[in-house]
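Okay, here's what each chain looks like letter by letter:
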Amino acid sequence: MQQSEVQALANLLKRHRGQATVFTGAGISTESGIPDFRSPGTGLWSHIDPMEYLSVDALYARPHNFWKYFSKVFGPTLDAQPNAGHIALAALENAGYIHTVITQNIDGLHQKAGAKKVLEVHGHLRTVRCNSCGRQYPMKEALAQLPKVPVPRCDDCGHSVRPDVVLFGDMMPPAFTQALQAVEQSQLVLMVGSSLTVSPANTLAFYASHLAIVNRDPTPADGRADVVVHGTAGQVLTAVTEELKL
Ligand SMILES: [Zn+2]
């Protein structure tokens, strides 16, 4: 991370104050102890096929396995705390630099850090809902039913529940359309902690009129960006807020 790049990013945010959208990927949450599932070699998905475990098919065909796995992988995430990157973005929103945070993370850490307008394009871990009556419950309550019962159930009607996250095989939620609209109405899109190789990150980056990238490693979109800063989200975004005297 170079100070000149941090200054360039701060200047870009000043120039487009109130007209900027942020997109965050898994890279912003690794500093909160949440693994980046797509990281080659170390990622969980390097030895497990997510389609097999986190799909609509798995939820209904093998619900016991689905919940066992889901609870093991995402249970610890419920207690994760926001890091300097989430806190800096909330400060930028509060100071009127950015108007929307779009995230593909389901950990809810932007809201825990104080962000107000967050579009969660892959859903979130806060709640589950009943497959029959639609009643919602906190995820913690649902996971607490395990392993006494193989599948968490609705208190009201006794049917099984499902997580409010977007599974493989689900339709994209309304937040996805809202995210596209937010990007189209923005002058600047700041991509944080995303390798920009998969949808929706690469699609949203494509629609940005001005693009800034904060990521540990180079991305395929670096060449098209107005500013690129390589470093951890926590370090870079904290430096940007200091530069803007927030
Ligand atoms: Zn129910």
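About the cut-offs
Residues numbered from 1 in each chain as written. Predicted model: local features only at pLDDT ≥ 70, side-chain atom pairs only at ≥ 80, totals over all residues. Heavy atoms only, no water. Donors = N, O, S within 2.8 Å, 3.2 Å for Na, K, Ca; no water. Tetrahedral: all angles 85-135°; square planar, octahedral: opposite > 155°, others 65-115°. Buried < 20%, exposed > 50% of the residue type's maximum accessible area, 1.4 Å probe, protein only. Helix = DSSP H or I, 4+ residues; strand = E, 2+ residues; numbered from the N terminus. Expected span 1.5 Å × (residues − 1). Arc of directions from axis to C-beta. Phe/Tyr/Trp six-rings, centres within 6.5 Å; stacked < 30°, edge-to-face > 60°. Lys NZ or Arg CZ within 6 Å of the ring centre and 35° of its normal. Pairing = 2+ DSSP bridges. Axes fitted to C-alpha atoms, helices over the stretch in contact; angles between N-to-C directions. Contact = heavy atoms within 4.5 Å.

Participant: When you look at the coordination of the zinc ion in this model, what are you seeing that I'm missing?
Facilitator: Angles at a metal have ideal values that depend on geometry: 109.5 degrees with four tetrahedral donors, 90 or 180 degrees with six octahedral donors. Each protein donor to the zinc ion is listed here as C130 (SG), C133 (SG), C154 (SG) and C157 (SG); together their distances run 2.3 to 2.4 Å. Its four donor atoms give the zinc ion angles of 97 to 124 degrees at the centre, a pattern that matches the tetrahedral case. Site description for the zinc ion: donor spacing in sequence, C-x2-C-x20-C-x2-C. Looking at C130, the relative accessible area reads 4%, which means it is buried. Classification of C133 by relative accessible area gives partly exposed; the value is 43%.

Participant: How should I be thinking about helix α1 (residues 3-15) in this particular structure?
Facilitator: The periodicity of an α-helix, 3.6 residues per turn, causes residues three or four positions apart to be oriented the same way. For α1, spanning 13 residues, the distance from its first C-alpha to its last is 18 Å, which sits close to the expected 18 Å at 1.5 Å a residue. Taken as a whole, α1 has its buried residues at V6, L9, A10, L12 and L13. Across the axial projection of α1, the buried residues extend over an arc of 160 degrees, all falling on one side.

Participant: Quick question: what am I supposed to make of the packing of aromatic side chains here?
Facilitator: Two aromatic rings are characterised by how far apart their centres lie and by the angle between their planes. Under the defined criterion, the tally for this structure stands at six aromatic pairs. When the ring of Y53 is compared with that of Y69, the centres are 4.3 Å apart and the planes differ by 40 degrees; the resulting orientation is tilted. Placement of Y53 in helix α2 (residues 50-53) and of Y69 in helix α4 (residues 63-74) is noted, with a sequence separation of 16 residues between them. Here Y69 falls in the buried class, since its relative accessible area comes to 9%. Note on F206 and Y207: the rings are 5.8 Å apart at their centroids and 85 degrees apart in plane angle, and the pair reads as edge-to-face. Accessibility expressed as a relative area gives 42% for Y207, which makes it partly exposed. Linked through ring pairs, F66, W67, F70 and F74 together constitute an aromatic cluster. Here the basic side chain of R17 rests over the ring of Y97, its NZ or CZ set 4.2 Å away from the ring centre.

Participant: Would you explain the pairing of strand β1 (residues 20-24) in this entry?
Facilitator: Remember that side chains alternate between the two faces of the sheet whenever the strand is regular. With five of its five residues buried, β1 lies for the most part within the structure. Where burial is concerned, the two faces of β1 agree: the one with A20, V22 and T24 and the one with T21 and F23 are both buried. Sheet topology places β1 next to strand β2 (residues 98-103); five bridges connect them, and they run parallel. Residue pairing in the sheet places F23 in a bridge with I102 of β2.

Participant: Just checking my understanding: could you explain the sheet that holds β1 for this structure?
Facilitator: As a general point, the strands of a sheet are linked pairwise by backbone hydrogen bonds and lie either parallel or antiparallel. Spatially, β3-β2-β1-β7-β8-β9 is the arrangement adopted by the six strands of the open sheet, whose pairing is parallel. The sheet terminates laterally at β3 (118-120) and β9 (227-230), the two strands that pair on one side only. Neighbour to neighbour, the strand axes of the sheet diverge by 15 degrees on average, direction disregarded. Of the strand pairs in this sheet, β2 and β3 are connected by three bridges, and their pairing is parallel. What sits directly across from T103, in β3, is E120. α1 contacts β1, β2, β7 (188-192), β8 (210-215) and β9 of the sheet and is inclined by roughly 135 degrees relative to β9. The strands touched by helix α10 (residues 233-243) are β7, β8 and β9; relative to β7, the strand with the most contacts, the crossing angle is about 140 degrees.

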